[in-house]
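Structure assessment
Now for the letters of each chain:
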Amino acid sequence: MSEQVYNRLAVVRAERKVSRQALAQAVGVHYQTIGYIERGQYNPSLDLALKVARFFELPVEALFSLEPIQPLTDEVYGRKQ
C-alpha cells in the first residue's frame, strides 16, 4: 500500500494563474489527473512530480511531501497560539 503524498499544487497553480488543462498538457497527462493529485486521490509518479516541479521552476519538496503541508501563512508568519 502506498503512502499518502500531500501537495500544494492547487495553491501554486492558482498563484501562477495556470489552468489544470495547461499544466496537464505541459507535463503530458490528462487534466483530470491534475485534479486527482490536487485532491489527494492519486499519488504522482516520481517522474510526474519532477515534471510538475520543473514546470513551476520549484524544488519538488516545495510541491509534494509525505507529511501534511502547513498553510504558507503559517510557514511565513508563524502560527499564533
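Preceding this section is the structure that the text describes.
The following paragraphs examine the structure supplied in this document. (Residues numbered from 1 in each chain as written. Predicted model: local features only at pLDDT ≥ 70, side-chain atom pairs only at ≥ 80, totals over all residues. Heavy atoms only, no water.)

1. What about the pattern of salt bridges?
Rules: Just to be clear on terms, a salt bridge is a Lys or Arg side-chain nitrogen sitting within 4 Å of an Asp or Glu carboxyl oxygen. What counts as a helix is a DSSP run of H or I of at least four residues, what counts as a strand is a run of E of at least two, and both are numbered from the N terminus. Only protein chains enter the area calculation, which uses a 1.4 Å probe; residues under 20% of their type maximum are buried, those over 50% are exposed, and those in between are partly exposed.
Overall, the coordinates contain 3 salt bridges when judged by the stated rule. One salt bridge connects R20 with E38, and the closest N-O pair in it is separated by 2.9 Å. Separated by 18 residues along the polypeptide, R20 in helix α2 (residues 20–27) and E38 in helix α3 (residues 31–38) bring together distant segments of the chain. Judged by relative accessible area, E38 falls into the buried class, the value being 14%. Salt-bridge contacts for K51 lead to D47; the nearest nitrogen and oxygen are separated by 3.3 Å. With a gap of 4 residues between them, K51 and D47 both fall in helix α4 (residues 46–56), about one helical turn apart. Accessibility expressed as a relative area gives 29% for K51, which makes it partly exposed.

2. Digging into the packing of aromatic side chains
Cut-off, in case you're wondering: In this scheme Phe, Tyr and Trp rings, the latter by its six-membered ring, pair at centre separations within 6.5 Å, and the angle between planes marks the pair as stacked below 30 degrees, edge-to-face above 60, and tilted otherwise.
The final tally for this structure, using the stated rule, is 1 aromatic pair. A ring pair is formed by F55 and F56, whose centres lie 5.0 Å apart and whose planes are at 85°; its orientation type is edge-to-face.

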